[in-house]
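A look at the structure
Spelled out, the chains give:
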Amino acid sequence: MKKIVLTPLLLFLFIFSSLSQTQECGTVASPTQINFLNQTSAARENWGAPEMIINLPVQHHIVRESNGTGGLSLNDISNIMSVMNTYYANANISFFDCGPINYIDNSNYYNFNQSQESALCGANDVTNVINIYYFNSVSSGSSSLCGYAYFPGGSWKDRIIMANSCALNGSTLTHELGHYLSLYHTHQGSNGSNPELVNGSNCTTAGDQLCDTPADPTLSTSTVSSSCIYTGSALDPNGQSYAPDPTNIMSYSRKSCRTFLSQGQYNRANYTAIN
């Protein structure tokens, strides 16, 4: 699978990554969503992406102060859509604006907490499109987040929540779209009872359940250098040293390092978009 060639636009967007290195993804699969994904795992594993392009509509919701100040610009949204389409073209997915931007001028939501989601998004969601909301900041309780989305199945919502700085860092929105399209973190279950093994023997049932992404012990800025080299020393249950991919977008690597999705990840995203 070829890696994305960085255009000047992408390089420009990646400089924003240093703004949000301490913020992570708030997406968590519910038990019913995990069950749904497990039930369809065989079909997704054997899926071959068709040649046809799947067009997915997007509604952008920009939250600003009550006086109309703050929030992302039209140029920001254009750049965001360009990055989304650059990556997911490899999954035969194309995103398009289904209507004009919805501006929500309400200072009560400018700095957003997850507890406010139902009140705000329930009143503004457009049915059967991907609703992406952009806030000055996003939090869950006292924890700061870059954003979050919903996995298919169970309480699935056509909704992605983003902090503005993270929406502009070149990788986080692509990461959240991955969850929306059924992609797990590459480190899924790394701290549980069934971590993915370095030798790949359980790659279809552990980790992100994809065999073309290496086992990941959960990356961070402390285990990935500014040159995007893994510097950790974690061992799997067999005592083997991990050799994760710090460039994978579905990891917790440095946001400026995340520039790659595997063919298996793209195939899985394509399956979800169609099915």
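Everything numeric in this text was worked out from a predicted model, so none of it was measured. Throughout, a residue's number is its position along its own chain's written sequence, starting from 1. Where totals are concerned, whole chains, interfaces and linings use all residues; where local detail is concerned, this predicted model gives features only for residues with pLDDT of at least 70, and gives and counts side-chain atom pairs only at 80 or more. For side-chain calculations, the full set of non-hydrogen atoms in the structure is used, while hydrogens and water are omitted.

Each helix and strand counted, the chain has nine helices and nine strands in total. The globule rule used for comparison is 2.2 Å times the number of residues to the exponent 0.38, while the radius of gyration itself is calculated over C-alpha atoms. Taken over C-alpha atoms, the radius of gyration comes to 18 Å for the chain, in line with the 19 Å a tight globule of 275 residues would show. For the chain, the C-alpha atoms occupy an extent of roughly 60 × 40 × 35 Å along the three principal directions. Buried, partly exposed and exposed residues are distinguished by accessible area as a fraction of the type maximum, computed with a 1.4 Å probe on protein chains only: under 20%, between the cut-offs, and over 50%, respectively. Here the chain holds 275 residues, and the buried ones make up 52% of them. Every accessible area reported is derived by Shrake-Rupley at a probe size of 1.4 Å, with residue values counting cover from the shown protein chains alone. A total of about 11,500 Å² of accessible surface is found on the chain, and carbon and sulfur atoms cover 52% of it. With 10 positive and 17 negative side-chain charges, the chain shows a separation of 2 Å between the mean positions of the two kinds. By definition, any uninterrupted DSSP run of H or I lasting at least four residues is a helix, any uninterrupted run of E lasting at least two residues is a strand, and each is numbered from the N terminus. Charge assignment in this entry is limited to Lys and Arg as positive and Asp and Glu as negative, and neither His nor the chain termini are counted. Where a charge lies is defined by one atom per residue type: Lys uses NZ, Arg uses CZ, Asp uses CG and Glu uses CD.

Right, let's talk about the pattern of salt bridges for a bit. Every case where a carboxyl oxygen of Asp or Glu lies within 4 Å of a side-chain nitrogen of Lys or Arg is listed as a salt bridge. Per the stated rule, a full pass over the model turns up three salt bridges. One salt bridge in this structure joins Asp 105 and Arg 64, with 2.8 Å as the shortest N-O distance. Placement of the pair is Asp 105 in strand 4 (residues 102-105) and Arg 64 in strand 2 (residues 54-64), with a sequence separation of 41 residues. A relative accessible area of 34% means that Asp 105 is categorised as partly exposed.

Moving on to the pairing of strand 2. Strand 2 sits mainly inside the fold: 10 of its 11 residues count as buried. Strand pairing is assigned whenever DSSP identifies at least 2 bridges connecting the two strands. In this structure, strand 2 lies alongside strand 3 (residues 93-97), joined through five bridges in parallel fashion. Of the residues in strand 3, the one forming a bridge with Asn 55 is Ser 94. When strand 2 meets strand 6 (residues 130-135), the two strands line up parallel, connected through five bridges. By the bridge assignment for strand 6, Val 58 is matched with Ile 130. In this sheet, strand 4 lies alongside strand 2 in parallel orientation, the contact comprising four bridges. Directly across from Val 63, in strand 4, lies its bridge partner Ile 104.

Turning our eyes to something else, we now look at the confidence of the model for the chain. Each residue carries a pLDDT score, the predictor's confidence in it, ranging from 0 to 100. Per-residue pLDDT for the chain averages 90, and the proportion of residues at 70 or more is 92%. Throughout, a residue-residue contact means that at least one pair of heavy atoms, one from each residue, lies within 4.5 Å. A low-confidence stretch, residues 1-22 stays under pLDDT 50, and its non-local contacts, those more than four residues away or across chains, total 52 contacts.

Any cysteine sulfur atom paired with another within 2.5 Å is treated as part of a disulfide. In total, this model carries three disulfides according to the counting rule given. Residue Cys 203 pairs covalently with Cys 211 via a disulfide, S to S 1.9 Å. Here Cys 203 and Cys 211 share a disulfide; its torsion about the S-S bond, 80 degrees, makes the bridge right-handed. Covalently, Cys 228 is tied to Cys 257 through a disulfide, its sulfur atoms 2.1 Å apart. Negative torsions about the S-S bond denote left-handed disulfides, and the value of about -90 degrees found for Cys 228 with Cys 257 makes this one left-handed. Highlighted residues: Cys 228 in the loop between helix 8 (172-180) and helix 9 (263-274) and Cys 257 in the loop between helix 8 and helix 9, separated in sequence by 29 residues. Taken in sequence order, the bonded cysteines of the chain link in the pattern 1-2, 3-4, 5-6. With no disulfide of its own, Cys 25 has Cys 146 as its nearest cysteine by sulfur position, at a separation of 8.8 Å. The exposure class assigned to Cys 25 is buried, which follows from its relative accessible area of 11%. Between Cys 121, a cysteine without a disulfide, and Cys 98, which holds the nearest cysteine sulfur, the sulfur-to-sulfur distance is 15 Å. When its relative accessible area of 0% is taken as the criterion, Cys 121 is described as buried.

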